[in-house]
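One letter stands for each residue in the lines below.
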2 protein chains.
Amino acid sequence: MTQPPSLSDRLRRGDVLAAACPSREVLRHVTGRWAVLILIVLEEGTQRFSALRRRVDGVSERMLAQTLKHLEHDGLVARVSHAVVPPHVDYTLTPLGEEAAAHVRRLADWVEANVPQIVAARG
Amino acid sequence: MTQPPSLSDRLRRGDVLAAACPSREVLRHVTGRWAVLILIVLEEGTQRFSALRRRVDGVSERMLAQTLKHLEHDGLVARVSHAVVPPHVDYTLTPLGEEAAAHVRRLADWVEANVPQIVAARG
DNA sequence: GTAAGTACGCACATGTTTGTTAGTGCGGAA
DNA sequence: TTCCGCACTAACAAACATGTGCGTACTTAC
């Protein structure tokens, strides 16, 4: 007879199934429409803003800036701004970010490999 | 001098970085707010509608039904309806769905394990 | 008799995300 | 000289995601 963990236990250790858990928010950030793609591109190495904009097809400057801010806020991306003209800003994955990026890339790789099957399943 | 792959090549093999690629849409479904949680719960085994509703804290019936439809449409979830009263409907992961679920669960596990660090990083 | 559970569908309202456009200040290319 | 590139930000508008409340047809429990 093991007792099921209490709500506060679940929140402390991070339980995505609990609505009030902050892990929900983090997961939302990491799995966001653009965040996934940005993490994948950043896994190749440091990139600057406009390079990211070109690599991530379809992202607007607004969404790119906003998503980068979220990732930076969560400590997954480091922003380094060089005070030169024209402006030069570098974005790099933190160690934490590298781990997250590896996970989302594996997921994206799987999707890419299985798109044909999935599309076929829609008959 | 290898030529970079053409757009049509990238679309055929599934390239999330290309805006027109259907893998983008599939990725959106799989990483959707509720889809992630539903996949994780379904990984434990077949579940019925109301059981899912109870396990996935905070989901509304509308969103649950809609998300299940998307996942079914993509061939990740199988729906079996028993014609009895009261209604009884079972949801199960397909082999394809099991693979997807494994990936998202690993990502969610990582997030859960690292929430404290991430929250701390927001200082 | 009344309420709750079952698995949803529909209409409406709200909230959140995303896009669009315009602007910044300066240097280098045409 | 006129335009582009850089790395954004602000304001506004549109699109989409999501929640709420109601209805279904029947059974079991209270």
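Up top is the structure.
Residues numbered from 1 in each chain as written. Chains lettered and ligands numbered in written order. Predicted model: local features only at pLDDT ≥ 70, side-chain atom pairs only at ≥ 80, totals over all residues. Heavy atoms only, no water.

Enquirer: What is the right way to look at the environment of A:Glu61 in this model?
Expert: Residue and element names in this part refer to chain A. In this fold, Glu-61 is placed in helix H5 (residues 61-73). The exposure class assigned to Glu-61 is partly exposed, which follows from its relative accessible area of 48%. A sequence separation of twelve residues divides Glu-61 from Phe-49, and the C-alpha atoms of the two residues are 8.8 Å apart. Setting aside residues no more than four positions away along its own chain, Glu-61 makes contact with Phe-49 and Arg-53. (Helix = DSSP H or I, 4+ residues; strand = E, 2+ residues; numbered from the N terminus. Buried < 20%, exposed > 50% of the residue type's maximum accessible area, 1.4 Å probe, protein only. Contact = heavy atoms within 4.5 Å.)

Enquirer: For this particular structure, what's the right way to read the sheet that holds strand E2 (residues 77-82) of chain B?
Expert: Strand pairing in a sheet relies on backbone hydrogen bonds. The paired strands run either parallel or antiparallel. Residues and elements named next belong to chain B. Spatial strand order, E1-E3-E2: three strands in an open sheet with antiparallel pairing. In the strand order of this sheet, the two ends are held by strand E1 (47-48) and E2, each with one partner. When E2 meets strand E3 (residues 88-93), the two strands line up antiparallel, connected through six bridges. For Ser-81, the partnering residue across the bridge sits in E3 and is Val-89. (Pairing = 2+ DSSP bridges.)

Enquirer: Can you walk me through the relation of the copies chain A and chain B in this structure?
Expert: Between the two copies of the chain lies a rotation about an axis combined with a shift along it. Turning chain A through 180° and shifting it by 0.0 Å along the axis lays it on chain B, with an RMSD of 0.0 Å. Such values leave the two copies arranged in the relation of a two-fold axis. In terms of proximity to the rotation axis, the leading residue of chain A is A:Thr31, whose C-alpha is 2.8 Å off the axis. Both copies contact each other with a shared surface, as 100% of the interface residues of chain A are interface residues in chain B too. (Least-squares fit on C-alpha atoms with pLDDT ≥ 70 in both.)

Enquirer: So what exactly am I meant to see when it comes to the pattern of salt bridges here?
Expert: Counting across every chain of the model gives twelve salt bridges over all chains. For A:Asp74, the salt bridge goes to B:Arg122, with nearest N and O atoms at 2.4 Å. Of the two residues, A:Asp74 sits in the loop between H5 and strand E2 (77-82) while B:Arg122 sits in the segment after helix H6 (95-121), which places them in two different chains. Overall, A:Asp74 belongs to the buried group, its relative accessible area being 0%. Through salt bridges that share partners, A:Glu25, A:Asp74 and B:Arg122 make up one connected network. (Salt bridge = Lys/Arg side-chain N within 4 Å of Asp/Glu carboxyl O.)

Enquirer: How should the protein's contact with DNA strand D be read in this particular structure?
Expert: Residues and elements named next belong to chain A. In the vicinity of DNA strand D there are 19 residues, among which Arg-48, Ser-50, Glu-61, Arg-79 and Tyr-91 approach most closely. Val-89 is positioned such that a nitrogen or oxygen atom in its backbone is 3.3 Å from a phosphate oxygen of DNA strand D. Of the residues contributing to the surface near DNA strand D, the split by class is seven nonpolar, four polar and eight charged. (Near = heavy atom within 4 Å. Polar contact = N/O pair within 3.5 Å; in protein donor to acceptor, adjacent residues only side chain to side chain. Nonpolar A, V, L, I, M, F, W, Y, C, P; charged D, E, K, R; others polar.)

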